[in-house]
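# Summary of the model geometry
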Amino acid sequence: MAPQPEARIMTDQPILLKTLLTQRHWQTYSTFCKEYDKAAKKVDPSLQGGWPSRAQLHRWLTGELKGLPYSGHCRVLEAMFPGKSARELFSTNAVEVPTPRTEPEPARSAGPEVAACAMPQMADVTAVFSSRSAFSSAYPPSTMFDSAKEINAAGLSLNIICQSYPDHQLRRLLDSGTRIRCLFLEPKGQAIRAREVEERYTDNILTTLTALNITMLTRLRDRLDTASAQRLELHVYDETIRFNLLIVDRALCVVQPYLPQSRGVDSPTLVIKDNTAAEGLFPVFDQVFRDMWERSKPV
């Protein structure tokens, strides 16, 4: 029987569930879903995969929920946080919750993992680079892709996948179960020609490079077995290009705007790590990719 809804009074104090997720570093949507499934397996295997949508989780953590979630959600959440009832988890955190003890972390050298910014106004933006080349130096493709289970990319020629990551590595990923979706600007379309004019190319260089990259991935797909080939999806779109997007494992998002009269490599680059509790930009660009993919056509 579903709990009866009740009005919630909005306060500045955080919901206890949000505090506990943050303390355990479970606040990203993908991590939350994994931990949810672990608890669901113990409570009732039929509840696995029943985690809330991203929008639902956002409502849970911001106090917009009236009453409590359905009983299945409550059972799983209580298993995730033993000793806490669902009603307590959705109450405001009026008292300080002790931070779990952890071993001090060793000092790290400068690199991608220490780029996190603690400024609250930065939301889930963890690093900003002045150009694509500066970003590539800090985040080599192997660092992002080698253990990935899902890669979504949208932009113009997608050189980071087609030119900067070896074919045999792509094949290894696909054969091991990784899903890769690549969305190229249509080489025969009007938008890519407009971009060539904007970047002052007169030799069809963007059209040629994009067609070449599509052919490279098409040939790779042709050499794969049926199951692996189905995991490599190639689409094209013919729209004014605004962003180069790279989303890895629904947790890391790289955003590069296309500036007027500037090459893509000169674009400032944002690195965003999904943090549902931070109410950040990740869901915005994740939805941009989804919308573009739905409007595109397969190769």
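Figured I'd write up the structure that's included with this text. These figures come from a predicted structure and were not determined experimentally.

This part is about the overall build of the protein chain. Scanning the protein chain from N- to C-terminus turns up 13 helices and eight strands. Every one of the 299 residues in the protein chain was classed for burial, and the buried ones make up 44%. Of the contacts formed within the protein chain by residues at least 6 apart in sequence, a portion of 71% connects residues at least 24 apart. Accessible area for the protein chain stands at about 16,200 Å²; split by element, carbon and sulfur atoms hold 53% of it.

All chains considered together, the criterion is met by 13 salt bridges. Of the charged contacts, one joins aspartate 146 and arginine 172 as a salt bridge, the two residues approaching to 4.0 Å between their closest N and O atoms. Of this pair, aspartate 146 sits in the loop between α7 (141-145) and β2 (150-154) while arginine 172 sits in helix α9 (residues 167-175), and the two are 26 residues apart along the sequence. The exposure class assigned to arginine 172 is partly exposed, which follows from its relative accessible area of 35%. Salt bridges linked by common partners bring Arg54, Asp274, Asp286 and Arg290 together as one network.

Put simply, helix α10 (residues 190-198) and helix α11 (residues 205-222) touch, their axes get as near as 8 Å, and they point 135° apart. Here α10 is positioned oblique relative to α11, judged by the angle of their axes. For the pair α10 and α11, the contacting residues are Ile192, Arg195 and Glu196 in the first and Ile205, Leu206, Thr207 and Thr210 in the second. Tallied by class, residues from the contact of α10 with α11 come to three nonpolar, two polar and two charged.

In this section: the side chain of threonine 62. Along the polypeptide, threonine 62 turns up in helix α3 (residues 54-62). The class of threonine 62 is buried, set by a relative accessible area of 17%. Side-chain polar atoms of threonine 62 contact the backbone oxygen of histidine 58, separated by 2.8 Å.

Take the nonpolar core next. Counting 32 residues, the largest nonpolar core has Met144, Phe145, Ile151, Cys182, Phe184, Leu217 and Leu246 as its most contacted members. Discounting residues that sit within four places of it in the chain, leucine 217 has contacts with Cys162, Leu170, Cys182, Phe184, Leu232 and Leu234. Counting residues in each nonpolar core, the second largest holds 26 residues, with Ala39, Val76, Leu89 and Phe90 among its members.

One open sheet accounts for eight strands, arranged β1-β7-β6-β5-β2-β3-β4-β8; its pairing is mixed. Among the strands making up the open sheet, the edge pair consists of β1 (125-129) and β8 (297-298). The pairing of strand β3 (residues 179-185) with strand β4 (residues 232-237) spans six bridges and is classified as parallel. If you follow leucine 183 over to β4, its bridge partner there is histidine 235.

All chains considered together, the criterion is met by 10 aromatic pairs. Ring centres 5.9 Å apart and planes at 45° place the aromatic pair phenylalanine 32 and tyrosine 36 in the tilted group. Taken as a pair, phenylalanine 32 and tyrosine 36 lie in helix α2 (residues 29-43) at a separation of four residues, close to a single helical turn. Look at phenylalanine 32 and you get buried, because its relative accessible area is 0%. The buried category is assigned to tyrosine 36, whose relative accessible area is 1%. Judged by centre distance (5.3 Å) and plane angle (90°), the rings of phenylalanine 145 and tyrosine 165 are edge-to-face. Linking phenylalanine 145 in helix α7 with tyrosine 165 in the loop between α8 (159-162) and α9, this pair joins segments that are 20 residues apart in sequence.

The end-to-end C-alpha distance of α11 is 26 Å, a good match for the 26 Å that 18 residues give at a rise of 1.5 Å each. Residues of α11 that are buried include every one of Leu206, Thr207, Thr210, Asn213, Ile214, Leu217, Thr218, Leu220 and Arg221, and no others. Across the axial projection of α11, the buried residues extend over an arc of 165°, all falling on one side. Opposite its buried face, α11 presents the exposed residues Thr208, Arg219 and Asp222, each directed more than 90 degrees away.

Further remarks concern α2. Between its first and last C-alpha atoms α2 spans 21 Å; for 15 residues at 1.5 Å apiece the expected length is 21 Å, and the two agree. Here α2 has its buried residues at Tyr29, Ser30, Phe32, Cys33, Glu35, Tyr36, Ala39 and Ala40. In the core, the buried residues of α2 are packed alongside α1 (16-23), α3 and α4 (71-80).

Glancing now at unusual backbone geometry. Backbone geometry places leucine 158, a non-glycine residue, at a positive phi of 55°. With respect to the secondary-structure elements, leucine 158 resides in the loop between β2 and α8. A positive phi angle, near 55°, is found at arginine 250, a position not held by glycine.

What counts, and where the lines are drawn
Starting from 1, residues in each chain are numbered consecutively following that chain's sequence as written. Local features are withheld for residues below a pLDDT of 70 in this predicted model, meaning they are given only at 70 or higher, and side-chain atom pairs are given and counted only at 80 or more; totals for whole chains, interfaces and linings count all residues. Just so you know, side-chain values use all the structure's heavy atoms and leave hydrogens and water out. For the purposes of this entry, the term helix denotes a DSSP run of H or I that reaches at least four residues, the term strand denotes a run of E that reaches at least two, and both are numbered from the N terminus. Remark: exposure states derive from per-residue accessible area (1.4 Å probe, protein chains only) relative to the maximum for the residue type, with buried under 20%, exposed over 50%, and partly exposed in between. Note on contacts: a residue pair is in contact if any heavy atoms of the two residues lie within 4.5 Å. To measure how exposed things are, a 1.4 Å probe is used in the Shrake-Rupley method; for residues, cover is taken only from the protein chains shown. Basic side-chain nitrogens of Lys or Arg form a salt bridge, by our definition, when they fall within 4 Å of a carboxyl oxygen of Asp or Glu. Interaxial angle, 0 to 180 degrees, is taken between N-to-C directions of lines fitted to C-alpha atoms, where a helix line uses only the stretch in contact. When an angle is under 35 degrees it counts as roughly parallel; over 145 it counts as roughly antiparallel; between 65 and 115 it counts as roughly perpendicular; any other value is oblique. Three classes are used: nonpolar for Ala, Val, Leu, Ile, Met, Phe, Trp, Tyr, Cys and Pro, charged for Asp, Glu, Lys and Arg, and polar for all others, with Gly counted as polar. Under the rule applied, a polar contact is a pair of N or O atoms within 3.5 Å (in protein, one hydrogen donor and one hydrogen acceptor; residues adjacent in sequence only if both atoms are side-chain atoms). We define a nonpolar core as any set of buried Ala, Val, Leu, Ile, Met, Phe, Trp, Tyr and Cys residues linked to one another through side-chain atoms lying within 4.5 Å. Note on pairing: DSSP must find at least two bridges between two strands before they are called paired. In this analysis, rings of Phe, Tyr and Trp, with Trp reduced to its six-membered ring, are considered paired at centre separations within 6.5 Å, and the interplanar angle assigns stacked below 30 degrees, edge-to-face beyond 60, and tilted for intermediate values. Working rule for helices: expected span equals 1.5 Å times residues minus one. Throughout, the arc means the angular range of directions from the helix axis out to the C-beta atoms.

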